[in-house]
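# An overview of the molecular structure
Each chain is listed here by its residues.
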Amino acid sequence: MPRWTDMLARIWQDGEWWLAEWSKAAVMTQGKTRDDAKSMLADAIESLVNEEGFKVTIDEIAGGSTSVLIRASDQDRLKRLVQDRA
């Protein structure tokens, strides 16, 4: 069963681009800004789930960490995505 730590992703700057990776579900994307990368990560996860009404938010973790927390309108479905892609 996935743990809450499975819902952590990383966002970091590489040159002019910001990269976003959620390794537990093999998702990686990028954006011109940190906020763009967060938005692209949420969109990628929503596209993988592909269920009407399923929404993802990417929350910052205090302290300027490269880690971000993935939350969804249906956390159980998000956990199943981790299991399905393991």
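Just so we're clear, the structure is a prediction, and the values are computed from it rather than from any experiment. (Residues numbered from 1 in each chain as written. Predicted model: local features only at pLDDT ≥ 70, side-chain atom pairs only at ≥ 80, totals over all residues. Heavy atoms only, no water.)

## Some remarks on the packing of helix H1 (residues 34-49) against helix H2 (residues 75-85)
- Packing of H1 against H2 brings their axes to within 11 Å, and their N-to-C directions diverge by 80 degrees. Judged on the interaxial angle alone, H2 and H1 are roughly perpendicular. Between H1 and H2, the contacting residues are Ile 45, Leu 48 and Val 49 on the first element and Arg 77, Leu 78, Leu 81 and Arg 85 on the second.
- Of the residues assigned to the contact of H1 with H2, the class counts are 5 nonpolar, no polar and 2 charged. (Axes fitted to C-alpha atoms, helices over the stretch in contact; angles between N-to-C directions. Helix = DSSP H or I, 4+ residues; strand = E, 2+ residues; numbered from the N terminus. Parallel < 35°, antiparallel > 145°, perpendicular 65-115°, else oblique. Contact = heavy atoms within 4.5 Å. Nonpolar A, V, L, I, M, F, W, Y, C, P; charged D, E, K, R; others polar.)

## Some details on the sheet that holds strand E2 (residues 17-22)
- With antiparallel pairing, 5 strands are arranged side by side in an open sheet as E3-E2-E1-E5-E4. At either margin of the open sheet sits one strand with a lone partner, and together these are strand E3 (27-31) and strand E4 (56-60). When the angles between neighbouring strand axes are averaged without regard to direction, this sheet yields 30 degrees.
- In the sheet, E4 pairs with strand E5 (residues 67-72) via 5 bridges, with the strands oriented antiparallel. Residue pairing in the sheet places Asp 59 in a bridge with Leu 69 of E5.
- Its contacts with the sheet put H2 on E2 and E5, and the angle it makes with E5 is roughly 120 degrees. (Pairing = 2+ DSSP bridges.)

## Comments concerning the pattern of salt bridges
- One pass over the full model with this rule turns up 7 salt bridges.
- A salt bridge links Lys 38 to Asp 35, with the nearest nitrogen and oxygen atoms 3.8 Å apart. With Lys 38 and Asp 35 both in helix H1 and 3 residues apart, the pair spans about one turn of that helix.
- Through salt bridges that share partners, Arg 34, Asp 35, Lys 38 and Glu 60 make up one connected network. (Salt bridge = Lys/Arg side-chain N within 4 Å of Asp/Glu carboxyl O.)

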